[in-house]
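Chain by chain, the residues run as shown.
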Amino acid sequence: MSIVSFGDTALRFATQEGERFETAREVRLHVDGVSSNAAAIASRLGAEAVWLSKLADTPLGRRAVAELHEHGLETEVTWAAPEAGRHGLKFHESGTPPRESRLFQDRADTALATVSPGDFPVGRVQEADAVFTTGSMAALSENAAETAGALLRSAPGLRAMDLDFYPGIWSGQTAHDTLEDLFDPVELLFASEDGAQAVFDRTGSPRELVHTIASDYDFSHVVLTRNEYGVVGYHDGVLHEQDAFETEATDSAGQHAALVGAVLQQLTDGASTDTALSHGAAAAALARTMTGPLPPIEPADVEALVQSASNR
């Protein structure tokens, strides 16, 4: 069950709870990208996963890769000279109601914006059981979007994409217009509920949303994440729903990538859609109990949470 993921990742600077960057004296630093972190979670849960990217050969780029290696993820990186592009950054401030959390993104002119298909080992893609990328990679440049499309079309295995939509990167309309050209080879689409509504300009219940998106774009699978409300899936005309597992929430930063990684790991292992979604929801619940966008989730904990729910 091999998974090849390719795309961008950023370094995320986060303040302590209750602090703003203008007054903060200390920050936490983590690698933060859905393509990298979902692959790391899949690897932690037992998949043979590799992450492909093009990064600036700088301390920041090497710091990001080092953290991914700490989680057991194999990486194949094309290193670019620092003057060819920088490493992307994110800045996160946690907010306690009524003050909202804020995320500032600084990802222009990164090394991955200069990528071409020749920068990636296409043989790894052609041998994988599943390939995965994100819409935010296509937001970086026309080169990045064309490369994502080329790699997806060359993949004989399951072709998956996460919409990974952030309003701070581009508008819903621009994202739709760019990604529409990439949707044709995609079989499995992951999206947050808010992101799907913005990019596809659709309203309605989650069940209606996944059915409409799958029908309009001919996806065989759609997985719609709803944070603390669980996940809704669509597979070949059948709707699937999985409630969220109740947990004490510490940090929601890693829940989406954890769900995506667990679902990919399960599907490549031959699991049914219902089983994959239950493991994804369990991984997301565990991620909410830990700090940071890449929590150290253990497979035994995921299995125990899934088993406890089935025994009720």
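Please refer to the structure higher up on the page.
Note that the coordinates shown come from a computational prediction; the quantities given were computed from them, not determined experimentally.

Brief notes about the environment of T147
Part 1 of the reasoning: In this fold, T147 is placed in helix α5 (residues 142–153).
Part 2 of the reasoning: According to the relative accessible area criterion, T147 is buried, its value standing at 1%.
Part 3 of the reasoning: Residues T147 and S116, 31 residues apart in the sequence, show an inter-C-alpha distance of 5.5 Å.
Part 4 of the reasoning: If near-sequence neighbours (up to four positions away) are discounted, T147 is found in contact with V115, S116, P117, F120 and M137.
Part 5 of the reasoning: Polar side-chain contacts of T147 include one of 2.9 Å to the backbone oxygen of N143.

Here's the deal with the pairing of strand β4 (residues 48–56)
Part 1 of the reasoning: Of all nine residues that make up β4, eight are buried, and the element is covered over most of its length.
Part 2 of the reasoning: In terms of strand pairing, strand β1 (residues 2–6) meets β4 through five bridges, oriented parallel. Within β4, the residue paired with V4 across the bridge is V50.
Part 3 of the reasoning: Here β4 pairs with strand β5 (residues 74–80) via seven bridges, running parallel. Paired with K54 across the bridge in β5 is T78.
Part 4 of the reasoning: Running through helix α2 (residues 59–70), the crossover from β4 to the neighbouring parallel element β5 is right-handed.

A word on the nonpolar core
One recurring pattern in soluble globular proteins is that nonpolar side chains are buried together.
Part 1 of the reasoning: If you look at the biggest cluster of nonpolar residues, it comprises 51 residues, and the most contacted ones within it are F132, L188, F190, L264, I297 and V302.
Part 2 of the reasoning: The element best represented in this core is helix α10 (residues 273–288), accounting for nine residues.
Part 3 of the reasoning: In this view, F132 contacts V4, S5, F6, V34, S35, A38, A160, M161, D162, F190, V260 and L264; residues no more than four positions away in its chain are not counted.

Considerations on the sheet that holds strand β12 (residues 231–235)
Part 1 of the reasoning: Within the open sheet, the nine strands sit side by side as β5-β4-β1-β8-β9-β10-β11-β12-β13. Their pairing is mixed. Only two strands of the sheet have a single neighbouring strand rather than two, namely β5 and β13 (238–242). Each strand of the sheet is rotated relative to its neighbour by a mean of 15°, with strand direction disregarded.
Part 2 of the reasoning: Relative to β12, strand β11 (residues 221–225) runs antiparallel, the two sharing five bridges. Looking across to β12, one finds that H221 is bridged to H235.

Some details on the sheet that holds strand β7 (residues 102–106)
Part 1 of the reasoning: The four strands are arranged β3-β2-β6-β7 in an open sheet whose pairing can be described as mixed. Both outer strands of the open sheet, β3 (27–32) and β7, are each paired with one neighbouring strand and no more. Averaged over all pairs of adjacent strands, the angle between their axes in this sheet comes to 20°, without regard to strand direction.
Part 2 of the reasoning: Of the pairings in the sheet, the one linking strand β2 (residues 10–15) to strand β6 (residues 89–93) comprises four bridges and is parallel in character. Across the sheet, A14 pairs through a bridge with H92, a residue of β6.
Part 3 of the reasoning: Strand contacts of α2: β2, β3 and β6, with the helix running at about 75° to β3, the strand carrying the most contacts.

Some points on the pattern of salt bridges
Part 1 of the reasoning: Using the criterion set out here, one finds 15 salt bridges in the structure.
Part 2 of the reasoning: The salt bridge involving E298 is made with R44; its shortest N-O contact spans 2.8 Å. You can see E298 sitting in the loop between α10 and α11 (299–310) and its partner R44 sitting in helix α1 (residues 34–44), a full 254 residues away along the chain.
Part 3 of the reasoning: Ionic pairing is found between E241 and R207, a salt bridge with its closest N-O pair at 2.5 Å. Here the residue E241 occupies a position in strand β13, and R207 occupies one in helix α8 (residues 206–217), the gap between them amounting to 34 residues.

Some words on the packing of α1 against helix α9 (residues 255–268)
Part 1 of the reasoning: Look at α1 against α9: their axes get within 7 Å of each other, and the N-to-C directions meet at 55°. In terms of orientation, α1 and α9 fall into the oblique class. Remark: the crossing between α1 and α9 carries right-handed chirality. Together, V34, N37, A38, I41 and A42 of α1 and H256, A257, A258, V260, G261, A262 and Q265 of α9 make up the contact between the two elements.
Part 2 of the reasoning: Grouping the amino acids of the contact of α1 with α9 by side-chain chemistry returns eight nonpolar, four polar and no charged.

A few points about the environment of R153
Part 1 of the reasoning: Looking at the secondary structure, you find R153 in helix α5.
Part 2 of the reasoning: Along the primary structure R153 and E248 are separated by 95 residues, whereas in three dimensions their C-alpha atoms are 41 Å apart.

Let's talk about unusual backbone geometry
Part 1 of the reasoning: With a phi close to 50°, D201 is a non-glycine residue in the positive phi region.
Part 2 of the reasoning: Among the structural elements, D201 can be located in the loop between α7 (193–200) and α8.
Part 3 of the reasoning: Phi is positive for D218, which is not a glycine, with a value near 60°.
Part 4 of the reasoning: Mapped onto the elements of the fold, D218 is located in the loop between α8 and β11.

What counts as what
- Residues numbered from 1 in each chain as written.
- Predicted model: local features only at pLDDT ≥ 70, side-chain atom pairs only at ≥ 80, totals over all residues.
- Heavy atoms only, no water.
- Helix = DSSP H or I, 4+ residues; strand = E, 2+ residues; numbered from the N terminus.
- Buried < 20%, exposed > 50% of the residue type's maximum accessible area, 1.4 Å probe, protein only.
- Contact = heavy atoms within 4.5 Å.
- Polar contact = N/O pair within 3.5 Å; in protein donor to acceptor, adjacent residues only side chain to side chain.
- Pairing = 2+ DSSP bridges.
- Right-handed = clockwise from strand over helix to strand, strands pointing away.
- Core = buried A, V, L, I, M, F, W, Y, C linked by side-chain atoms within 4.5 Å.
- Axes fitted to C-alpha atoms, helices over the stretch in contact; angles between N-to-C directions.
- Salt bridge = Lys/Arg side-chain N within 4 Å of Asp/Glu carboxyl O.
- Parallel < 35°, antiparallel > 145°, perpendicular 65-115°, else oblique.
- Left-handed = near helix turned anticlockwise from the far one by under 90°.
- Nonpolar A, V, L, I, M, F, W, Y, C, P; charged D, E, K, R; others polar.

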